[in-house]
Amino acid sequence: MNRVFALTLALLPGALLPGALAGGAQGNPDEAVIRRSYQQLAQAIRTGDSASILNVYAPQFVGYGPRYEPLSRELLTEATPGLTFKTVGTELLKVQRQGQSYDVTSRTTSTGEYDMGGQKVPFTQIGDTLDQWQKVGGRWQIVGSRTLSSTVDLAGQKQVMNDPAPLSGAQRQALQTALRPLLKPVSLNVGAAASDLAFLAPLAQARLIGAGEGSHGTHEHFVLKARIFRALVEQHGFTTLAFESNPTGAPAINAYISGESDDLQAAVSGLGFMVWRTAEIRDLLVWMRGYNAQRGDRPALTFVAVDMQDPGGSAGLLVEWVPALEAAAAPFVGLAPYQIDELVKDPEKQKTFTAQAAALLEQATALASDTPHRAEALALARTVQQAVLAASGQGTRDDFMAENMLGVLKADPQSKVMLWAHNSHVSKAPDALAQTGMGARLAEALGDDYRTIGLTFSSGSIRAVQMGQEDKGMQAVTVAPSHPDSPEALVSASAALVLSDALKVPALHDYLAPPRPIRGIGHSSMPGMMGYTFEVLPQAYDVLIFTGESTPAQAAK
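Each chain has its residues counted from 1, following the order in which its sequence is written. With the structure being a predicted model, the display of local features is reserved for residues of pLDDT at least 70 and the display and counting of side-chain atom pairs for 80 or more, all residues being used for whole-chain, interface and lining totals. Only hydrogens and water are set aside; all other atoms, that is, all heavy atoms of the structure, feed into the side-chain values.

**Q** Explain the pairing of strand 4 (residues 101-116) to me, please; I cannot follow it from the model alone.
**A** The two faces of a sheet get side chains in turn, since along a regular strand they alternate between them. Where strand 3 (residues 83-98) lies against strand 4, 14 bridges are found, and the strand directions are antiparallel. From the neighbouring strand, threonine 84 faces strand 4, where its bridge partner is glutamate 113. By definition, two strands form a pair when at least two bridges between them are found by DSSP. The secondary structure listing takes helices from DSSP runs of H or I that are at least 4 residues long and strands from runs of E that are at least 2 residues long, numbered from the N terminus. Between strand 3 and strand 4, which pair antiparallel and follow one another directly, the connecting turn spans two residues, one of which, glycine 99, has a positive phi of 65°. For strand 4 and strand 5 (residues 119-136), the ladder comprises 16 bridges, and the chain directions are antiparallel. If you follow arginine 107 over to strand 5, its bridge partner there is aspartate 128. What sits between the antiparallel neighbours strand 4 and strand 5 is a turn of two residues, in which glycine 117 has the positive phi angle 65°.

This is the structure:
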């Protein structure tokens, strides 16, 4: 979570504060009560008066902050360390009576200071909200609230979040009716026949398919992606599985799936990140090994890793393969993953590491053409340099993962690859706030030779590191049910939607035109977190797959 977005969530009480009903309906006692309640709420937020804040919100309050993140009544009063409100101003935008309730849309401007490591940084937030007021026990209170937009300026760093306009019940029903004939059921049984994966045929004309996932810990997504890869291999001639992982462990994986080694544990460990060390991916590696053993004259399956966050591992493997580069690689051998991020904060060390990484790549490039493992040495030396550059702010992880993926395709022009990564990494039009873009760069380079599949779920639990309980490792974490206006809330069963088909239906075209939410949870989560990113889905993915309730991926044993 980036700093400004974290601050936005910290400011949720202010973001929820609508404007005073200034003027109101002359003589309307209900509006007068609501108006006074807003004035009291403004004062309570400025002073941190939790009791007065809770007095405005009904016990059954249900709310959503920016990006549809769920808000409980208790969350509205949680103090944020280092956060001080100075002013809270309000402006009425719209008041509408709905039977026995009021819908109030307004704009709030809040200012204050945020203590960032001892430095007090000024902030300004402007938030538009829609509140629903009802009489509860004879008293007007807010029973529901939704943030429509939020702009936070933190010392000149501005972040804008605009959520889609709310849907009415009738609109949701119309969208469900329009979706129904377009949804193609998919099986979540890994051994099911591939007849339900017919949507892959047009995608499989491409050399590279990016298969995303709504979390790094959803069993159903891992099973379905394994099914997709098997179908791509058996029916469409795909040869390679590429992973959002570091190259250090790739040799152990390839040794296992090729039959050169029987060490399955080493292969699973070679996946690197804990999120990948699951029973579902382990079983896929076992299948790849079995396929290779019986492939006949078909190409052998291979595994490639396109990440670059472990320069120490890359340097160690490089020395193992090409001992002549030992001296040049020495500054990096033994570095722990992510250690380089801390080291280069020192300007002198950043300058030194940058020069050493460039020298390592230069020496690898100068190797004689007949040097064993020369191509691998070049690729590894480049990942060392990429790690230094990314840590120094001279490029992004996604830039470099895209470069590495394109290098794989160039090295073997006959290969056809499925890329396994997070939704936001494979997306051709990622959420700007997600700060990712590997898929966008691949689409720019490959055009129609790059196709994408996004996966999302409606509710349930995932395998993740729970924030605040990092010492417990990965565990089951319950996520919030999907927002009622989200695509997955409109789909009741596991199914695939070809987005080009959806755009042919006017109602769906209009619904999909603005950014809509898709699950995007990484290796960490909090109970009750929604974990959405917002993307223009038809631009981001060719196919969107809904898998219903999520259950946690299983740790490999």
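**Q** Whenever I open this one, the sheet that holds strand 20 (residues 543-546) confuses me. Can you help?
**A** Either a parallel or an antiparallel arrangement is found when strands of a sheet pair, and the pairing is made through backbone hydrogen bonds. With mixed pairing, the eight strands of this open sheet are ordered in space as 8-16-20-13-9-12-10-11. Whereas interior strands pair on both sides, the edge strands pair on one side only; in this sheet they are strand 8 (184-185) and strand 11 (302-305). Alignment of strand 9 (residues 208-211) against strand 13 (residues 450-456), held across four bridges, turns out to be parallel. Bridge pairing links leucine 208 to tyrosine 450 in strand 13. Pairs of residues are marked as contacts when any of their non-hydrogen atoms sit within 4.5 Å. Only the contacting stretch of a helix is used when fitting its axis, a line to C-alpha atoms as for every element, and angles between N-to-C directions run 0 to 180 degrees. Against the sheet, helix 18 (residues 438-446) engages strand 9, strand 12 (417-420) and strand 13, with an angle of about 155° to strand 13.

**Q** In this structure, what is going on with the packing of helix 15 (residues 374-391) against helix 16 (residues 397-411)? I would like to understand it.
**A** Helix packing geometry: the angle between the two helix axes and the distance between the axes. Two numbers describe how helix 15 lies on helix 16: the axes approach to 10 Å, and their chain directions differ by 165°. The orientation of helix 15 with respect to helix 16, classified from their angle, is roughly antiparallel. The two elements helix 15 and helix 16 meet at a crossing, and its hand is right-handed. Here Arg382, Thr383, Gln386, Leu389 and Ala390 of helix 15 come into contact with helix 16, specifically with Phe400, Glu403 and Asn404. Broken down by class, the residue content of the contact of helix 15 with helix 16 amounts to three nonpolar, three polar and two charged. Angles below 35 degrees are treated as roughly parallel, those above 145 as roughly antiparallel, those between 65 and 115 as roughly perpendicular, and all remaining angles as oblique. Definitions for this section: a left-handed crossing has its near helix turned counterclockwise from the far helix by less than a right angle. A right-handed crossing has that turn clockwise. In this classification, the charged set is Asp, Glu, Lys and Arg, the nonpolar set is Ala, Val, Leu, Ile, Met, Phe, Trp, Tyr, Cys and Pro, and all remaining amino acids, among them Gly, are polar.

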